[in-house]
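# Descriptive structure summary
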There are 2 protein chains.
Amino acid sequence: MRSGPGSLILESGTEAATPSFPDDGKNTIASQLVSRLREAIISGQLEAGSKINLDRAKQSFNVSLSPLREALARLISDGLVEFEDNRGYRVSPVSLSNLEEITSLREEFETYALRESMRVGDVEWEGNVMRALHRLNRTERDASKPETLEQWEAVHREFHLTLISGCRKPLLLSFCKTMLNLNDRYRRTFLTRTSGDRNVSVEHSEIAQGTVARDMDYACDRLREHIHRTGTNLRRHLAEKGIA
Amino acid sequence: MRSGPGSLILESGTEAATPSFPDDGKNTIASQLVSRLREAIISGQLEAGSKINLDRAKQSFNVSLSPLREALARLISDGLVEFEDNRGYRVSPVSLSNLEEITSLREEFETYALRESMRVGDVEWEGNVMRALHRLNRTERDASKPETLEQWEAVHREFHLTLISGCRKPLLLSFCKTMLNLNDRYRRTFLTRTSGDRNVSVEHSEIAQGTVARDMDYACDRLREHIHRTGTNLRRHLAEKGIA
DNA sequence: TTTTGATAAATCATCGATTATTTGTCAAGC
DNA sequence: GCTTGACAAATAATCGATGATTTATCAAAA
């Protein structure tokens, strides 16, 4: 299926602009599935709480059972999928209490990671933060253009991860990444527009400015508020849709 | 292989004292493997950093490939196993920096979870804490008897988990459980005796007493010290064995 | 001697088919 | 009418075999 390095046969896939070089990562079907399934869950294509029928999933993703099961097993780490013996896999459900926990943990984990980053982060990290902020501010978010929403989600996620990427604590970073994933699912499912009384751009800028200035208390307070506001916002939207 | 409910054929396994009733959980080979592999890694039977050869593992555990791969995929969540495309699975390596991160995160996560537990925990939780303390104090730990060490590890782990079990934050609890697993691997691998200058029993009692008295600062300070001392201890033992 | 490239061996990834379990259905008994 | 139990359909779990990739080996060339 995959043409090896040096092959003259062009691949028929959508990606692969450089057919003579092996792709970086994501070589196996199982690994590709992890990405595709994660995206499908976060974006809401796979409904929260719904059972994942292996036969149907197998068909709709055009894969065999083994890589599908392996991908789902790996997704348990992300908290996006749950499993029970002989009952199979299901998309993790959403709930008010789950959202509240995610918000709380993001406040705790991310402020801790940000403080650590400011303590030990180097100049390159500072630069990455400013670059991520700039990209975020230059990315348009228009509810009438769905593709801009997706793009904005990506750079927004990247901004928050960059903020804490200087902390030199890989386990902590992976936890934060997980929480951010779970949080993004709520936003992408329930929140297409931002609340009117917020200027999110300013919030991001304040966090970033405080961060590179290494003003720990200021930056962490701003970040905590930012996360908290998003949580409050989302909670309201969940309540409107009658989700307990 | 498995005799169904009501069957008159007795199982040949070591467990299953009540053959007429389905086991609670752990029904499938994959799930049993998760437990067995986790125990094998934490106990040090599977060497840290070593590659897991699927063919050999298949034979030594007497299972087929599919459940083995699925079990390993699930173990990634626990941070005990790492994976790379086309290179397979390996036991997560140990290092000084990894131990230090685990210690830091345990300090942060567990004190936060303990505070939350004291804030919202109910009377039943309090009772569970006192029971876990009592069991721990009554469990002997004799380096000359390996089976007592294993037993002690189990009740010790149970004590720490019970402490924070009142917090009503399932995601936080699972993170703490993961960190505790990783920490226990270091202790079981590198630390068979407790340091001479510590009275660990007193430390546990102080934490538990402060907890049920809902003295947040006292209990959390004692817990943080307790975790920190264990970390310092372990770090020394790692250094002695020349592990960077 | 070191490097390179081809080949062989080991190992991982995937598939299709088989077996085991759960869930849905419905009739018999209470 | 409600519960119980047997049967059938749907679904999950496992297996053995096949295909793909990586790693090891070693001879030829620089």
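This text gives an overview of the structure that appears in the document. What you are looking at is a predicted structure, and each value in this text was computed from that prediction instead of being measured. (Residues numbered from 1 in each chain as written. Chains lettered and ligands numbered in written order. Predicted model: local features only at pLDDT ≥ 70, side-chain atom pairs only at ≥ 80, totals over all residues. Heavy atoms only, no water.)

Between chain B and chain A, the superposition needs a rotation of 180° and an axial shift of 0.1 Å, giving an RMSD of 0.0 Å. Here the transformation between the copies is reduced to the relation of a two-fold axis. For chain B, the minimum C-alpha distance to the rotation axis belongs to S77 of chain B and amounts to 2.2 Å. Mapped onto chain A, 100% of the interface residues of chain B are again interface residues, and the two copies thus contact each other with one and the same surface. (Least-squares fit on C-alpha atoms with pLDDT ≥ 70 in both. Contact = heavy atoms within 4.5 Å.)

Now for helix 3 (residues 65-75) of chain A. Counting buried positions over the 11 residues of helix 3 of chain A gives eight, a clear majority of the element. For helix 3 of chain A, the full list of buried residues reads P67, L68, E70, A71, L72, A73, R74 and L75 of chain A. (Buried < 20%, exposed > 50% of the residue type's maximum accessible area, 1.4 Å probe, protein only. Helix = DSSP H or I, 4+ residues; strand = E, 2+ residues; numbered from the N terminus.)

Attention now goes to the pattern of salt bridges. All names here are of chain A. A complete count under the given rule lists 41 salt bridges over all chains for this structure. Across the salt bridge formed by E39 and R188, the nearest N and O atoms sit 3.0 Å from each other. Here the residue E39 occupies a position in helix 1 (residues 29-42), and R188 occupies one in helix 7 (residues 170-190), the gap between them amounting to 149 residues. Classification of E39 as partly exposed rests on a relative accessible area of 34%. Its relative accessible area of 22% is what places R188 among the partly exposed residues. Between E107 and R224 there is a salt bridge; the shortest N-O distance is 3.2 Å. On the criterion of sequence distance, the pair formed by E107 in helix 4 (residues 96-120) and R224 in helix 9 (residues 216-240) is long-range, its members being 117 residues apart. For E107, a relative accessible area of 9% translates into the label buried. (Salt bridge = Lys/Arg side-chain N within 4 Å of Asp/Glu carboxyl O.)

Our next topic: the protein's contact with DNA strand C. Taken together, 20 residues sit near DNA strand C, with I29, S64 and S66 of chain A together with K51 and R69 of chain B positioned nearest. Sugar and phosphate atoms constitute 85% of the interface atoms of DNA strand C, taking the interface as everything within 4 Å of the protein. Between DNA strand C and S66 of chain A, the relevant distance is 3.1 Å, taken from a base nitrogen to a side-chain nitrogen or oxygen of the residue. Contact distances for DNA strand C include 3.1 Å between a phosphate oxygen and a backbone N or O atom of L54 of chain B. Those elements giving two or more residues to the surface near DNA strand C turn out to be helix 1 and helix 3 of chain A together with strand 1 (51-52), helix 2 (54-61) and helix 3 (65-75) of chain B. Of the residues in the surface near DNA strand C, the class split is seven nonpolar, seven polar and six charged. (Near = heavy atom within 4 Å. Polar contact = N/O pair within 3.5 Å; in protein donor to acceptor, adjacent residues only side chain to side chain. Nonpolar A, V, L, I, M, F, W, Y, C, P; charged D, E, K, R; others polar.)

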